[in-house]
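Listed below, chain by chain, are the residues.
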Amino acid sequence: MEDLDLRVEKGEVFGFLGPNGAGKTTTIRLLLGLIRPTRGQAIIFGTPIDSGSSSLRRHLGYLPGDLGLPSHLTGGEFLARMAALRGGEPGRKAEQLSRRLDLDLSRKIKGLSHGTRQKLGIVQALMHEARLLILDEPSSGLDPLAQQVFYELIQEEREQGRTVFLSSHLLNEVERTCVRVGVIREGRLVVIEAIQELRKKRVKWAEVELTREVDPDTFRVPGVRSIQQEGKKLRLALEGHYQEVLQVLARSPIGDLTIRDASLEEIFLEYYAEDKDRQP
Amino acid sequence: MKIFQFSLKDERGWLLLWSAGIALVVSFIISLYPTLGEMIRSFVDKTSMIKGFIGLYAPLMVGRSYFDLWLCMEFFSYFGVLVGFYPVIYATGVISGDMERGTLEMLLAQPVSRRRVLVEKFAALLLILLLLCIVGYASLVGATALWVQEKASFLEYAYIFLNNYFLLLALAGVSFFCATLLNEQRPALGLSIGVILVSFILYKGLSGAGIALWLARLTPFFYADATKILYTGQIHWGDNLVLAAVGTVFFALALVIFQRKDIAG
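In this text, all values refer to a predicted model and were calculated from it rather than measured experimentally.

Cut-off values and rules
For every chain, the first residue of its written sequence is number 1, and the numbers climb from 1 along that sequence. For this description, chains carry letters from A and ligands carry numbers from 1, given in the order in which they are written. Per-residue local features are limited, in this predicted model, to residues with pLDDT of at least 70; the limit for side-chain atom pairs, both in listing and counting, is 80 or more; totals at the level of whole chains, interfaces and linings are taken over all residues. Helix and strand assignments come from DSSP, with helices taken as H or I runs of at least 4 residues and strands as E runs of at least 2, each series counted from the N terminus. Each residue after the first adds 1.5 Å to the expected span of a helix. Using C-beta atoms placed from the backbone, we call a residue buried if 20 or more other C-beta atoms fall within 10 Å of its own, exposed if 12 or fewer do, and partly exposed for counts in between. Contact between residues is assigned whenever the C-beta positions, reconstructed from backbone atoms, fall within 7 Å. For two strands to pair, DSSP has to find at least two bridges joining them. Here, axes are lines fitted to C-alpha atoms. For helices the fit covers the stretch in contact, and angles between N-to-C directions go from 0 to 180 degrees. Note that the domain bounds reflect an automated or database-derived domain assignment. Residues are grouped as follows: nonpolar covers Ala, Val, Leu, Ile, Met, Phe, Trp, Tyr, Cys and Pro; charged covers Asp, Glu, Lys and Arg; every other residue, Gly included, is treated as polar.

Enquirer: Lay out helix 4 (residues 114-126) of chain A in plain terms, naming residues and giving numbers.
Expert: Residues and elements named next belong to chain A. For helix 4, spanning 13 residues, the distance from its first C-alpha to its last is 18 Å, which sits close to the expected 18 Å at 1.5 Å a residue. Counting buried residues in helix 4 gives 10 out of 13 residues, a clear majority hidden from the surface. Taken together, the buried positions of helix 4 are occupied by T116, Q118, K119, L120, G121, I122, V123, Q124, A125 and L126. If you follow the buried residues of helix 4, they end up packed against strand 4 (60-63), helix 2 (75-84), helix 3 (91-100), strand 5 (132-136) and helix 5 (144-159).

Enquirer: Give me the sheet that holds strand 12 (residues 254-261) of chain A: which residues, what numbers.
Expert: Residues and elements named next belong to chain A. Taken together, the 4 strands give an open sheet; going across it, the order is 10-11-9-12, and neighbouring strands pair in antiparallel fashion. Where the open sheet ends on each side, the last strands, each with one partner, are strand 10 (224-230) and strand 12. Strand after strand, the sheet turns through a mean of 15° between neighbouring axes, direction not considered.

Enquirer: Would you mind going over the domain arrangement of chain A in detail, with residue names and values included?
Expert: In many analyses, interface size is given as the accessible surface area lost on bringing the parts together. Domain parsing of chain A yields domain 1 (13-198) and domain 2 (203-261). Inter-centroid distance (C-alpha atoms) of domain 1 of chain A to domain 2 of chain A is 40 Å.

Enquirer: Tell me about the interface of chain B and chain A, and name the residues and values.
Expert: Tallying the contact residues gives 19 residues for chain B and 23 residues for chain A. Elements with a minimum of two residues in the side of chain B that touches chain A: helix 1 (2-46) and helix 5 (103-108) of chain B. Top contributing element to the side of chain B that touches chain A by residue count: helix 5 of chain B, with 4 residues. In terms of residue class, the side of chain B that touches chain A is built from 8 nonpolar, 6 polar and 5 charged.

Enquirer: Lay out the sheet that holds strand 7 (residues 180-185) of chain A in plain terms, naming residues and giving numbers.
Expert: Residue and element names in this part refer to chain A. The 6 strands are arranged 4-5-6-1-7-8 in an open sheet whose pairing can be described as mixed. Each having just a single partner strand, strand 4 and strand 8 (188-194) make up the two edges of the open sheet. Direction aside, the axes of adjacent strands within the sheet are offset by 15° on average. Strand direction decides the pairing type here: strand 4 and strand 5, joined by 4 bridges, are parallel. Across the sheet, the residue bridging to Y62 is I134, located in strand 5. Where helix 4 meets the sheet, it contacts strand 4 and strand 5, and its direction lies at approximately 170° from that of strand 4.

Enquirer: Could you give me a rundown of the environment of L146(B), with the residues and numbers involved?
Expert: Residues and elements named next belong to chain B. Its location among the elements puts L146 in helix 6 (residues 114-147). Its 10 C-beta neighbours within 10 Å are what place L146 among the exposed residues. In this structure, the C-alpha to C-alpha distance between L146 and S31, residues 115 residues apart in sequence, is 8.4 Å.

Listed below in structure tokens is the structure:
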């Protein structure tokens, strides 16, 4: 990690976005005092973090990216232990969360699937009603139904005024849950942006297969950022406004049409290119 | 004390298994004495050379019962090193093993200090080792009452188990130290077992050959030759102090390393 400077406001759901190996988990471990920075410091609720910040962790709920659970315990026993370390019991919130995520707490962790373990990790992180939630790749391994419940839970946490720091390599996930996003690449923070702004910059790809060759300039209308042509195949980069390009497409001899979001890597490349361009 | 309690709970199965193992081994060895001990007795009595050797090696031993000699040879000489594997397996499991599995990361993300985690896990181990020594002693007393007709020195045996407990304490400290050095269980296990076996072999080899005894003194086993009490009839409290100091120093080093260690699963 180098020159990482970011601030998350109270009550905010902040997305930390980056490809695998970008440094998301390292940043989170720094925030928890699990690893120590060679220079600089992280501050949570005004208190600098170090390996001895155990009382501060009372206010944190944490879901690790590489979730390690004691396989000899049942889900219920695990939650009871985690609650006991904070001087309490799992309580009603754990029950509610488990019910909503359809999690059976009586089963041994050893026999749980990856997705079910992830659900248990989520319940563990959220049940303490901590002021700050740090979630590393939280929806990893969840089925679409459980993902949907998880997004609702995050929304509820946000409404209750909790701060959420959520790392992901899935742009859609961050878009759905976060207000602001920081993009990290190769250990460097590339950009911090409001999700609204990111959406504006976001590119969609329209891959058009025409029944006959057409002059590509026909598609040069507002909202089309770039055009690539290979015979009857066109690849349009769409940005911002789609009205006019849709009208042009409607008039064109289209054999097949695919419109998809630009991949995260493509967006990173865009940011990276911009970042490099800014350098002298 | 939660981590202490959790550690004890997690070890229940192993504690029962090891206790049963120790009780079985002790009972088996003592049950052989009425048969094999009689053979040794008649062999030693008839062979003046062997009697002379025993007199030379441990003059005071000659005056003791053959059962004491039997226990020295067949049980006390390796009880410490065998049970010494327990702290090795435990320490590498709860430190480097938990680090490898990611459970330590989860634990340290809770409001507990690293110091507390290590101290409570160590305290649980010390209690378990004490229980294993008590099981060993109780089994010895029971099996002796059952199979041996000779006079038995139960008080001295109790001291020998106490001395072994301090040896185990020292080995526990060394094991915790080795386990905090490495992030994976297998290498940590290899390192700990290596350190303990090398020091045991070094001690046995040097003291047996009667050379470089200063080097033998550097191994914890020098201070845990529990049969000393049966040879000399004297209790060496200083040995226990040395072993306690070794365990404490290594555990303190483990604490320092653990406090500074990066926890990355």
